[in-house]
Amino acid sequence: MEKLIIFGDSIMRGVLLDEGKYICPSEERHAREETTGLEIESCCKFGATIDKAQAIVQRRIAKGGLPARCLIEFGGNDSDFDWAAVAAAPHGEHRCKTDPEDFVRKYSEIIAQLREAGCEPVLSTLPPLCAERYLKWFCRDGVDMDSVLIWLGDAQAIYRWQEYYSHLVERVAQLNGCDVMQLRDAFLVTPQKHGDRMCDDGIHPNRKGQDLIYETIRKKFNPDRKSNV
């Protein structure tokens, strides 16, 4: 069985929202390996940005035993803002967690490090978020939604900004000659079902969404494996 290491954030870790709490069901790992026919090693961390990714990748390289390929998924947390600060100063200037230029540069550094270690990265685009759900989610504990909307202009600005970071992933891939797994396309090819695949927070895929993620991984990394979806 081919081994695949996945570097990513909570989306690739399989985090779900269950009755208002984030969980990561341990039993999902077997189901993912059954779907993909791959031995999967997860190096994914909740809240990870490209800064944290650099440390995660360096630690894993130091352990040795890397497979021929790995999958990388980052950008969602990098594109996020301090929404409480935005609400407190809706006419001010606010920056996301990772500036676009830094995102491209640091992502490229990770690719170079993995290649030097003999592991070829495949980059994943970002699954699309549900803007209205996410807005309601991060405003649930006292962040003033009206103030946030003054700064945003409209709720869909959240979607467009996160989409920009997915495009940045493709730019990084092009600059570095990397293959891309089009996860965003997999979610959007049937747009009427997108909301059915997302948790109430608007950013984490639910179990249906996770099934789609690992079916997409199967198609990319083990296409000869018969689908069980």
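This text follows the structure it describes.
Predicted, not measured: the structure shown is a model, and the values here were computed from it. (Residues numbered from 1 in each chain as written. Predicted model: local features only at pLDDT ≥ 70, side-chain atom pairs only at ≥ 80, totals over all residues. Heavy atoms only, no water.)

Asker: Provide a residue-level description of the overall build of the protein, including the pertinent values.
Answerer: Summing up its helical and strand segments, the protein has 10 helices and seven strands in all. Seen through its C-alpha atoms, the protein measures out along the principal axes to roughly 50 × 35 × 30 Å. When each of the 229 residues of the protein is scored for burial, the buried share is 53%. For the protein, contacts bridging at least 24 residues in sequence account for 80% of all contacts bridging at least 6. Carbon and sulfur atoms form 48% of the exposed surface of the protein, whose accessible area is close to 11,000 Å². A distance of 4 Å separates the average location of the 31 positive side-chain charges in the protein from that of its 37 negative side-chain charges. (Helix = DSSP H or I, 4+ residues; strand = E, 2+ residues; numbered from the N terminus. Buried < 20%, exposed > 50% of the residue type's maximum accessible area, 1.4 Å probe, protein only. Contact = heavy atoms within 4.5 Å. Areas by Shrake-Rupley, 256 points an atom, 1.4 Å probe, with all protein chains shown as cover. Lys, Arg positive; Asp, Glu negative; His and termini not counted. Charge placed at Lys NZ, Arg CZ, Asp CG, Glu CD.)

Asker: Describe the packing of helix α6 (residues 131-138) against helix α7 (residues 145-152), naming the residues involved and giving the relevant values.
Answerer: Where α6 contacts α7, the two axes come as close as 10 Å, and the packing angle between them is 130 degrees. On the basis of their axis angle, the class for α6 and α7 is oblique. Handedness of the crossing formed by α6 with α7: right-handed. Where α6 abuts α7, its residues Leu135, Lys136 and Phe138 lie against Met145, Val148 and Leu149. (Axes fitted to C-alpha atoms, helices over the stretch in contact; angles between N-to-C directions. Parallel < 35°, antiparallel > 145°, perpendicular 65-115°, else oblique. Left-handed = near helix turned anticlockwise from the far one by under 90°.)

Asker: Go over the packing of aromatic side chains with me, naming the residues and quoting the values.
Answerer: The tally for this structure, following the rule as stated, stands at 13 aromatic pairs. Each residue in the set Phe81, Trp83, Phe103, Tyr107, Tyr134, Phe138, Trp151, Trp161, Tyr164 and Tyr165 is aromatic and connected to the rest through ring pairs, giving one cluster. Across from the ring centre of Tyr159, 5.2 Å away, lies the NZ or CZ of Arg184, which sits over that ring. (Phe/Tyr/Trp six-rings, centres within 6.5 Å; stacked < 30°, edge-to-face > 60°. Lys NZ or Arg CZ within 6 Å of the ring centre and 35° of its normal.)

Asker: Got a sec to walk through the pairing of strand β1 (residues 3-8)? Specific residues and values, please.
Answerer: The element β1 is extensively covered by neighbouring structure, given that five of its six residues are classed as buried. Relative to strand β4 (residues 39-44), β1 runs parallel, the two sharing six bridges. What sits directly across from Gly8, in β4, is Cys44. As defined by bridge partners, β1 adjoins strand β5 (residues 69-73) across four bridges and the pair is classed as parallel. Across the sheet, the residue bridging to Ile6 is Leu71, located in β5. (Pairing = 2+ DSSP bridges.)

Asker: I'd like a rundown of the sheet that holds β5, residues and numbers included.
Answerer: Overall, parallel pairing links the five strands, which are arranged β4-β1-β5-β6-β7 in an open sheet. Strands at the two margins of the open sheet, each flanked by one partner only, are β4 and β7 (179-181). Strand-to-strand twist in this sheet, taken as the mean axis angle between neighbours without regard to direction, amounts to 25 degrees. Two elements, β5 and strand β6 (residues 120-124), share four bridges in a ladder whose sense is parallel. Looking at β6, one finds that Leu71 is bridged to Val122. Running over the sheet, helix α5 (residues 100-116) touches β1, β5 and β6 and is turned about 145 degrees from β6. Set on the sheet, helix α10 (residues 207-221) makes contact with β1, β4, β5, β6 and β7; between it and β7 the angle comes to about 150 degrees.

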